[in-house]
Amino acid sequence: MKFLWALLGLLYALLNIYVGYIFVTAAMGHGLSQKGLLLQAPPFLGGIALAVLALPLIWNCARLVVVPPRVS
């Protein structure tokens, strides 16, 4: 069961990274680059934040799979 949770968490983290990539590419695209920094900054910073915040989730999923359960 823990492998299923790890797989779902990893899928969620990878989708967050992908959406972050889409935000960054949209911010750097032709449409927003012509409109100025105030409209370009939020998607760019939001995309970076999504990718950075997904890293601990990837770490926890890897730990869930690799570390054996504690025996009391």
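In what follows, the accompanying structure is described. (Residues numbered from 1 in each chain as written. Predicted model: local features only at pLDDT ≥ 70, side-chain atom pairs only at ≥ 80, totals over all residues. Heavy atoms only, no water.)

### A look at the overall build of the protein
Applied cut-off: Each helix is a run of H or I in the DSSP string that is no shorter than four residues. Each strand is a run of E no shorter than two, and both are numbered from the N terminus. Each radius of gyration reported is based on C-alpha atoms, and the globular scaling rule is 2.2 Å times the count of residues to the power 0.38. When a residue's accessible area, from a 1.4 Å probe over protein chains only, is under 20% of the maximum for its type it is buried; when over 50% it is exposed; and in between it is partly exposed. Two residues form a contact once any of their heavy atoms are found within 4.5 Å. Computed with the Shrake-Rupley method and a 1.4 Å probe, the accessible areas treat only the protein chains shown as cover for residues.
Counting secondary structure elements, the protein contains 3 helices and 0 strands. Going from N to C terminus, the protein has its helices and strands arranged as α-α-α. Here the C-alpha atoms of the protein give a radius of gyration of 17 Å, more than 25% beyond the 11 Å that 2.2 N^0.38 yields for 72 residues. Oriented by its inertia axes, the alpha-carbon framework of the protein measures out at about 60 × 15 × 10 Å. Burial analysis of the protein (72 residues in total) assigns 14% to the buried set. Residue pairs at least 24 apart in sequence account for 62% of intrachain contacts in the protein once pairs closer than 6 positions are excluded. Accessible surface, the protein as shown: approximately 5700 Å² in total, 77% of it carbon and sulfur.

### Regarding the side chain of Asn16
Here Asn16 lies in helix α1 (residues 2-28). Look at Asn16 and you get buried, because its relative accessible area is 18%. Those residues within four positions of Asn16 in sequence are excluded, and the remaining contacts are Leu50 and Ala54.

### Considerations on α1
Put simply, the rule reads: Take the number of residues in a helix, subtract one, and multiply by 1.5 Å to get its expected span.
Over its 27 residues, α1 runs 39 Å from end to end, which matches the ideal 39 Å to within 8%, given 1.5 Å per residue. The complete set of buried residues in α1 reads Ala6, Gly9, Ala13, Asn16, Gly20 and Ala27. Against α2 (30-33) and α3 (37-66) lie the buried residues of α1.

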